[in-house]
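# Chain and residue survey
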Amino acid sequence: KDFDTVIRNGLIATAAETMYADIGIRGGRVVALGQELARGRDEIDARGKLVMPGGVDAHCHFDQPMEDGLRMADDFLTGTRSAACGGTTTVIPFAQQIKGQSLRAAVEDYHRRAGRKASVDYAFHMIVTDPTPEVLREELPALIAEGYSSFKIYMTYDDMKLDDRQILRTLAVARRHGALAMIHAENADCIAWLTETLEEAGHTAPAYHATSRPMAIEREATHRAITLSELVDVPILIVHVSGREAIDQIRWAHGRGLRIYAETCPQYLFLTADNLGGGYEGAKCVCSPPPRDRANQRVVWEGLSDGLFTLVSSDHAPFRFDGPEGKKPGGKEVGFRHIPNGIPGVETRLPLLFSEGVRTGRISLNQFVSLTSTNPARLYGLHPRKGTIAIGSDADIAIWDPDKEVTIENGMLHHEVDYTPYEGMQVTGWPVTTLVRGERVWDGGQFCAPAGHGEFLPCGKPEMARPRPQDTAGGHYVGNLPDALAKLSKAGGHAA
Ligand code: DUC
Ligand code: ZN
Ligand code: ZN
Ligand code: ZN
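An account of the accompanying structure is given in this report. All values reported here derive from a predicted model rather than from experimental measurement.

About the cut-offs
- Residues numbered from 1 in each chain as written.
- Chains lettered and ligands numbered in written order.
- Predicted model: local features only at pLDDT ≥ 70, side-chain atom pairs only at ≥ 80, totals over all residues.
- Pairing = 2+ DSSP bridges.
- Helix = DSSP H or I, 4+ residues; strand = E, 2+ residues; numbered from the N terminus.
- Axes fitted to C-alpha atoms, helices over the stretch in contact; angles between N-to-C directions.
- Buried ≥ 20, exposed ≤ 12 C-beta atoms within 10 Å, placed from the backbone.
- Parallel < 35°, antiparallel > 145°, perpendicular 65-115°, else oblique.
- Left-handed = near helix turned anticlockwise from the far one by under 90°.
- Contact = placed C-beta atoms within 7 Å.
- Nonpolar A, V, L, I, M, F, W, Y, C, P; charged D, E, K, R; others polar.
- Expected span 1.5 Å × (residues − 1).
- Arc of directions from axis to C-beta.

## Digging into the sheet that holds strand E11 (residues 121-122)
Note on sheets: strands pair through backbone hydrogen bonds, and any given pair is parallel or antiparallel. Overall, parallel pairing links the three strands, which are arranged E8-E9-E11 in an open sheet. What marks the edges here is a single partner per strand, and that holds for strand E8 (55-57) and E11.

## Some details on the sheet that holds strand E4 (residues 22-26)
An order of E5-E4-E1-E6 is seen for the four strands of this open sheet, with the pairing classed as mixed. Each edge of the sheet is formed by a strand with only one pairing partner; in this case those strands are strand E5 (29-34) and strand E6 (40-45). Averaged over all pairs of adjacent strands, the angle between strand axes in this sheet comes to 20°, irrespective of strand direction. Examined bridge by bridge, strand E1 (residues 3-8) and E4 share three bridges and lie antiparallel to one another. In the sheet register, Thr-5 faces E4, and the bridge partner there is Ile-25.

## Overview of unusual backbone geometry
Cis peptide bonds are those with omega within 30 degrees of zero, and the linkage from Ser-288 to Pro-289 qualifies with -10°. Its place among the elements puts Pro-289 in the loop between helix H9 (267-270) and helix H10 (294-305). Cis rather than trans, the peptide bond between His-383 and Pro-384 has omega equal to 5°. On the secondary structure map, Pro-384 appears in the loop between helix H12 (365-379) and strand E18 (397-407). For Asp-63, which is not glycine, the phi torsion reads 50° and is therefore positive. Within the secondary structure, Asp-63 sits in the loop between E8 and helix H1 (76-85). The exposure class assigned to Asp-63 is buried, which follows from the 22 C-beta atoms found within 10 Å.

## Focus on the packing of helix H11 (residues 349-358) against H12
Packing of H11 against H12 brings their axes to within 10 Å, and their N-to-C directions diverge by 150°. It follows from the interaxial angle that H11 and H12 lie roughly antiparallel. Helix-helix and strand crossings are classified by hand; for H11 and H12 the assignment is right-handed. From H11, Leu-350, Leu-353, Phe-354, Gly-357 and Val-358 reach across to H12, where they touch Leu-365, Phe-368 and Thr-372. Taken together, the residues that form the contact of H11 with H12 break down as six nonpolar, two polar and no charged.

## Quick look at H10
Taking 1.5 Å per residue as the helical rise, H10 with its 12 residues ought to reach 16 Å, and the 17 Å between its terminal C-alpha atoms agrees with that figure. Residues of H10 that are buried: Asn-296, Gln-297, Val-300, Gly-303 and Leu-304. Relative to the axis of H10, the buried residues are bounded by an arc of 115° and lie together on one face. For H10, the exposed residues lying more than 90 degrees away from the buried face are Arg-294 and Ala-295. The elements touched by buried residues of H10 are helix H8 (244-255), strand E16 (260-264), H9, H11 and H12. Of the residues trailing H10, Gly-307 is marked for its positive phi of about 90°.

This is the structure we're talking about:
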């Protein structure tokens, strides 16, 4: 009945509750929540602190080789280190299929990349770029069943995009086998035409990246993705939603009762297209879709507070600015077409959202936990092991000093990128201790994870990926019950 660790006197916030309680941890799990718990071998005094489930960053890129030989600065060692120091205890990066490659070979490749390097737990989303009959019939269903229950589909980028028919076929597999499809919604042909038109006019500076990807092309692709999802009758997640027009499409879909989930990222709350201007330094904020303007930032904040968005992820895509393989390759300024798309942010995601979201009252503390931890865990089949503080859940916990004032500087961050887009921003509130399965990985300003502490997490088939109930009359439909109940009712032969 003794504890390995007891966290005492903190204010615990989950997606559903806020309570004063102590947390007893044994064997890496939460085994007691209560008052005046017995002493643990290790005691953490959280008086005056906030105790929250560790963040689940369900969209980040580590060690993903790019088309033109570009390399990411963060691998699973430095990427997960940065996550841990920012209060994130689970990450879900991508295993990208290269066209011509089998999906399984891609997954195996990324397991090798992860090796024993991770300090926080991790799962994988697949990226399906080559949905051959073999992939759709054999590999994808098998991999979904083995714990890779989500995948991303691109509507743009020549080396990754699927056409609408390929998307429909792939979504049909998601529906049949219970996976969640994530869609990058931008119209590839519009981008290609705008890019060549800008280049012909000699406009190649980073600022034109935003000009080449206006909101209309995200709006169109978002609407098309919704339509494809409706045809197949399967929920989808629209990733990295940047502003009003895409949000309007998603609200329209919700009005029709469609299960369209939406993700946004800090860049759409804290950056604008102006950050891409002012010379080549603007390359530091080149990501896709591009940041919009202040009015769009406000609409994204509204979508967070009113529940339009299911989750906030970093979309950490770690390219250096200087150096041979980054945004300014070999010190050379390149046209916007050649600037790798993506910005770092796995460590700053939670503090930025806490400071500008919770402290200003735009979202509640419980919404903060939902958006950054509980919902992503649910969406990807990791709940209740991850994403909450409850008896039996992994002791993945971030202890925050809610009043700590921090000026963000790249030097204090733990990624390998040589800049942060948020340099100089002032935030209030920062995680001071992070535990992964009960072990300290970040404490006293030090990264302190035991080497290779992070484990691979097979994901269950997410409840949220199920199609809408077709017939709820008479209560015969069990598809909407939580997994455990559905299993019970099957086993007991008592399904209504
Ligand atoms: N999409 C992502 O999800 N990440 C980086 C670049 C992109 O286009
Ligand atoms: Zn199946
Ligand atoms: Zn994307
Ligand atoms: Zn991404």
